[in-house]
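Fold and geometry: a report
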Amino acid sequence: MDFHSHYPTSVYGTRSLCVFLSVLLLWTGGTGASAINSTRKEILDSLLNGYDAWISPSYDQGRPVIDIIQLYILSIDSIRDTNMDYTMSFYFRQRWIDERLKYNNSHGVDVIELDTKIMEKIWVPDIYFVNEKQATMHDVTVPNKMMYLYPDGLVLYSARISGMFSCMMNLQKYPLDRQICSLRLESYAHSAKNLVVRWRTPAVEFSPTLLLPQFEIEKHHSSICDTLYMGINYSCIFLDIHLKRNHGYYITQIYVPSALVVVLSWVNFWLTVDAVPARISLGLLTVLTTTTQSTSFFSNLQKVSYVKALDVWLAVCMLFVFAALLEFAYVNVTYRVTNRRKSIQDLPMFIHKNGDQTRFESIFLSEKEEGKKRQVYPGKNQPSTNRKAGLLGSLYSKEREKARNIDRISRIVFPLTFLVFNIAYWCVYFLWEPTQEPKTS
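Worth saying up front: this structure is predicted, and the values here are computed from it rather than measured.

**Points about helix H5 (residues 276–298)**
- Under the 1.5 Å per step criterion, the end-to-end length of H5 is 34 Å for 23 residues, consistent within 8% with the ideal 33 Å.
- Residues of H5 that are buried include every one of Arg279, Leu282, Gly283, Thr286, Val287, Thr290, Gln293, Ser294 and Phe297, and no others.

**Some details on the sheet that holds strand E10 (residues 215–224)**
- In space, the four strands of this open sheet follow the order E4-E8-E13-E10, with antiparallel pairing throughout. Among the strands making up the open sheet, the edge pair consists of strand E4 (127–129) and E10. Each strand axis lies, on average, 20° off the axis of its neighbour in the sheet, ignoring direction.
- Pairing analysis gives nine bridges linking E10 to strand E13 (residues 236–245), with the strands arranged antiparallel. Note that in E13 the partner of His220 across the bridge is Ile241.

**Focus on the environment of Glu216**
- Tracing the backbone shows Glu216 in strand E10.
- Given the relative accessible area of 45%, Glu216 is considered partly exposed.
- Residues Glu216 and His242 lie 26 residues apart in sequence; the distance between their C-alpha atoms is 8.4 Å.
- Each residue touching Glu216, except ones within four places of it in the same chain, is listed here: His242, Leu243, Lys244 and Asn246.

**A look at the pattern of salt bridges**
- Applying the stated criterion across every chain, the model contains 16 salt bridges.
- Between Arg279 and Asp407 there is a salt bridge, and its shortest N-O distance comes to 3.0 Å. Here Arg279 is found in helix H5, whereas its partner Asp407 is found in helix H7 (residues 385–431), with 128 residues between them in sequence. In this structure, Arg279 and Asp407 share a single accessibility class: buried.
- Each of the salt bridges in this network shares a partner with another, and the network as a whole consists of Lys173, Arg178, Glu218 and Glu433.

**Focus: the side chain of Ser410**
- Structurally, Ser410 can be placed in helix H7.
- Among the polar contacts made by the side chain of Ser410, one reaches the main-chain carbonyl oxygen of Ile406 at a distance of 2.9 Å.
- Residues within four places of Ser410 in sequence aside, it is in contact with Phe269, Glu327 and Pro415.

**Thoughts on the pairing of strand E6 (residues 145–149)**
- Note that strand E3 (residues 112–114) and E6 share three bridges and pair antiparallel. Bridge pairing links Leu114 to Met147 in E6.
- Here E6 runs beside strand E7 (residues 154–166); their pairing, made up of five bridges, is antiparallel. Paired with Met147 across the bridge in E7 is Tyr157.
- Hairpin connection from E6 to E7: four residues lie between these consecutive antiparallel strands, with Gly153 at a positive phi of about 90°.

**Examining the packing of helix H4 (residues 248–265) against H5**
- Interaxial distance between H4 and H5 falls to 9 Å at its minimum, and their mutual angle equals 160°. Classified by the angle their axes make, H4 and H5 are roughly antiparallel. Here H4 and H5 pass one another in a crossing that is left-handed. Between H4 and H5, the contacting residues are Tyr249, Gln253, Ile254, Pro257, Ser258, Val261, Leu264 and Ser265 on the first element and Leu282, Thr286, Thr289, Thr290, Gln293 and Phe297 on the second.
- Along the lines of polarity and charge, the residues of the contact of H4 with H5 split into seven nonpolar, seven polar and no charged.

**Some points on the packing of aromatic side chains**
- Within the structure shown, the criterion is met by 28 aromatic pairs.
- Plain terms: the ring middles of Tyr128 and Tyr188 are 5.1 Å apart, the flat faces sit at 75° to each other, and that makes the pair edge-to-face. On the criterion of sequence distance, the pair formed by Tyr128 in strand E4 and Tyr188 in the loop between strand E8 (178–187) and strand E9 (195–206) is long-range, its members being 60 residues apart.
- Among the residues examined, Tyr128 registers a relative accessible area of 26% and is labelled partly exposed.
- The class of Tyr188 is exposed, set by a relative accessible area of 62%.
- Ring geometry for Phe320 versus Phe418: centroids 5.1 Å apart, planes at 80°, classification edge-to-face. Linking Phe320 in helix H6 (residues 309–343) with Phe418 in helix H7, this pair joins segments that are 98 residues apart in sequence. Phe418 carries the same exposure label as Phe320, and that label is buried.
- Arg411 extends its terminal NZ or CZ atom over the ring of Trp270, reaching a point 4.1 Å from the ring centre.

Parameters at a glance
Residues numbered from 1 in each chain as written. Predicted model: local features only at pLDDT ≥ 70, side-chain atom pairs only at ≥ 80, totals over all residues. Heavy atoms only, no water. Helix = DSSP H or I, 4+ residues; strand = E, 2+ residues; numbered from the N terminus. Expected span 1.5 Å × (residues − 1). Buried < 20%, exposed > 50% of the residue type's maximum accessible area, 1.4 Å probe, protein only. Pairing = 2+ DSSP bridges. Axes fitted to C-alpha atoms, helices over the stretch in contact; angles between N-to-C directions. Contact = heavy atoms within 4.5 Å. Salt bridge = Lys/Arg side-chain N within 4 Å of Asp/Glu carboxyl O. Polar contact = N/O pair within 3.5 Å; in protein donor to acceptor, adjacent residues only side chain to side chain. Parallel < 35°, antiparallel > 145°, perpendicular 65-115°, else oblique. Left-handed = near helix turned anticlockwise from the far one by under 90°. Nonpolar A, V, L, I, M, F, W, Y, C, P; charged D, E, K, R; others polar. Phe/Tyr/Trp six-rings, centres within 6.5 Å; stacked < 30°, edge-to-face > 60°. Lys NZ or Arg CZ within 6 Å of the ring centre and 35° of its normal.

In short, the description is geometric, and any link to function would need to be established separately.
Right, here's the structure in full:
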C-alpha cells in the first residue's frame, strides 16, 4: 500500500513548517536570554563606572538617605538571667534609594542580582546594634548576603546575622515574670542630615519554626529613638520584644518540691513525744533540704539587691520547716520537765499547804540516816505513799497531755497558715506587675 496515498502532501508541509518554527523559536529564545545576560553585564559595568562607594547617594544633594529596615527572626536560642542577655539569629533587611544606580529597563531587565564580591563596590548604610555584645555574619559556604538593584535606583540588601544582645531584666517577679528584650539600631557615623533609619511595616517577622524553651513571645513594639550625641542628632530605632516566662519548669522543679518538704516537716506533729531521735532527724533533714534548694537555684541567677518572688517563697518555706523544728524543741522541753518530776516520786516527800498552792520538798538523808524520815514542818502529818504516788501521777499525766496538745494544735495551725500564705502569694504575684525601670541610652 502506498504510504503517500493515505497522507496528503499538505500534511507533510504543515509538519515541516511546525518543526522549522520550533527550531527558530528555540534559537531566538536562547539568543534572547544571552542578549539579556549581556545587557545586564553592560548595565552593571556602566553603573559601576565612576561609582564611589565611599560617598552616600545624597551627599551633595542636601537631603538624607532614607534607610528602611525589617527583621526576619529565625531563632531566639537562649535568654540568660545570669548575664542578662539573649542570643538571636535573624535576616537583617535594608532598602534605600541610590539614584546613581538607576538604569533603563527597556531591555526587559527588571532586577540585577549582585554577587557577594561585587557588593563591596556598592555603598551600604553604616547601621550598628547599640546593645550588641557579640555578633557574626554567617559565611558558610559563602557569605550569607544578597543585594538586588532595581531600575528606579532601589537597593535591596539582606544579611544573615547571629548575635548576643544585652537585655536588662526586672526580676522582682522571677520566675513568674515578664521581660522586655530590646534591639536598638543606629547609624554610627552619619548624622540624621545624611541618613535616616526607619522601620518598615511590619517591622519584624517571625519564622514559623521559632520556639523558645522558657518563654513565650506575647507581642513586639517598634518605635523611633533619635538621640543627640555631642549636640549632633543621630537617627535611631528600637524593637521591644515582650516575653512571658513559662512556669511549668519552675512549678515542677522548685515550688512543688519545696512545698512537699514543708509538708514533710509536719510529720513531726504526728510522731509521739517519746520519739526524740526520729523527730530531730526529720526536722534537721527538712531544714537542710530547703537550704540546699535555695543555694542551687540562686547560684544561677544574677545578683540583684531587691527581693524576688522566688526569694519570698523559699524564705517562707525555710521559716515553716524551722518553726516545725522549734515546735519539737518546745514540746521536748515540756515533756522532759514531767520526766524529772516523775523521777523523784520514789524519794521521801513532804507536803506544805499554803492557801491554794502545794509545795513539794525533798530531803536527802545522809548515809547513816538512810531509811529514816524527818518531818520538816512540825504539826503536819506525813502523807501516805499511795497519796503521794497519786498526786505525782496526776501531775505527770497533766504535763504529758499539755505536750500532746501542742502537737495537736500544730497539726491544724501550720497547714492553715501555709494555705493562707499560698493564696496571698499567688494572688499578689499573678496580679501585680512591677514598674519597668527606665531605659538608658
